[in-house]
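# Chain and residue survey
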Amino acid sequence: MSEDDIRRGGCLCGAVRFSVTGAPLRVGLCHCQDCRRSSGSAFNFFGIWARSNYQGTGDLRAFNGRSFCPNCGSRIASLRDDEAEIMLGALDLAPSDIIPGYELWIGRREPWLMDLQWAEQFQHDQETETPDSA
């Protein structure tokens, strides 16, 4: 995918639309309780883009940083100052070419769901390097 490629998506009712440009910075699956509850699924499949690569239209509401359409309730993104975490199921076209590089909260992964053997595995949130750990 080139830096100029655009992916589009939106909510179930169509009131919220968005686009992201270029490849995601990182892609993951999260099995934590918050992601399970907010997605209504066994895990959350998300991609992170630079915030500057995200454009959106329509009214979004947020709860604990998780943005959703107030009309239909579709989870869309978590928008921060520097990053946009996009729920990949909200893309118009199936994100078949976007492969997760890591899994979070693997202790909560359903036992019938196999781990992604190529992906980094984290017991909780993704560990970040600190000056002391580098």
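See the structure printed just above.
Residues numbered from 1 in each chain as written. Predicted model: local features only at pLDDT ≥ 70, side-chain atom pairs only at ≥ 80, totals over all residues. Heavy atoms only, no water.

## Some details on the state of the cysteines
Applying the stated criterion across every chain, the model contains zero disulfides. Distance from the sulfur of C11, which forms no disulfide, to the nearest cysteine sulfur (C13) is 3.7 Å. Classification of C11 as buried rests on a relative accessible area of 10%. The closest cysteine sulfur to the non-disulfide-bonded C30 is located on C32, 3.6 Å from its own sulfur. Accessibility expressed as a relative area gives 4% for C30, which makes it buried. (Disulfide = S-S within 2.5 Å. Buried < 20%, exposed > 50% of the residue type's maximum accessible area, 1.4 Å probe, protein only.)

## So, the pattern of salt bridges
Under the defined criterion, the tally for this structure stands at eight salt bridges. One salt bridge connects E83 with R26, and the closest N-O pair in it is separated by 2.9 Å. Here E83 is found in strand β9 (residues 83-87), whereas its partner R26 is found in strand β3 (residues 26-30), with 57 residues between them in sequence. For R26, a relative accessible area of 29% puts it in the partly exposed group. (Salt bridge = Lys/Arg side-chain N within 4 Å of Asp/Glu carboxyl O. Helix = DSSP H or I, 4+ residues; strand = E, 2+ residues; numbered from the N terminus.)

## A word on the sheet that holds strand β11 (residues 120-121)
Here eight strands make up an open sheet; going across it, the order is β6-β7-β8-β9-β4-β3-β10-β11 and the pairing mixed. Two strands lie at the open edges of the sheet, namely β6 (61-63) and β11, each paired on one side alone. In terms of strand pairing, strand β4 (residues 44-50) meets β9 through five bridges, oriented antiparallel. Note that in β9 the partner of G47 across the bridge is I86. (Pairing = 2+ DSSP bridges.)

Everything listed here is a matter of geometry and, on its own, says nothing about what the molecule does.
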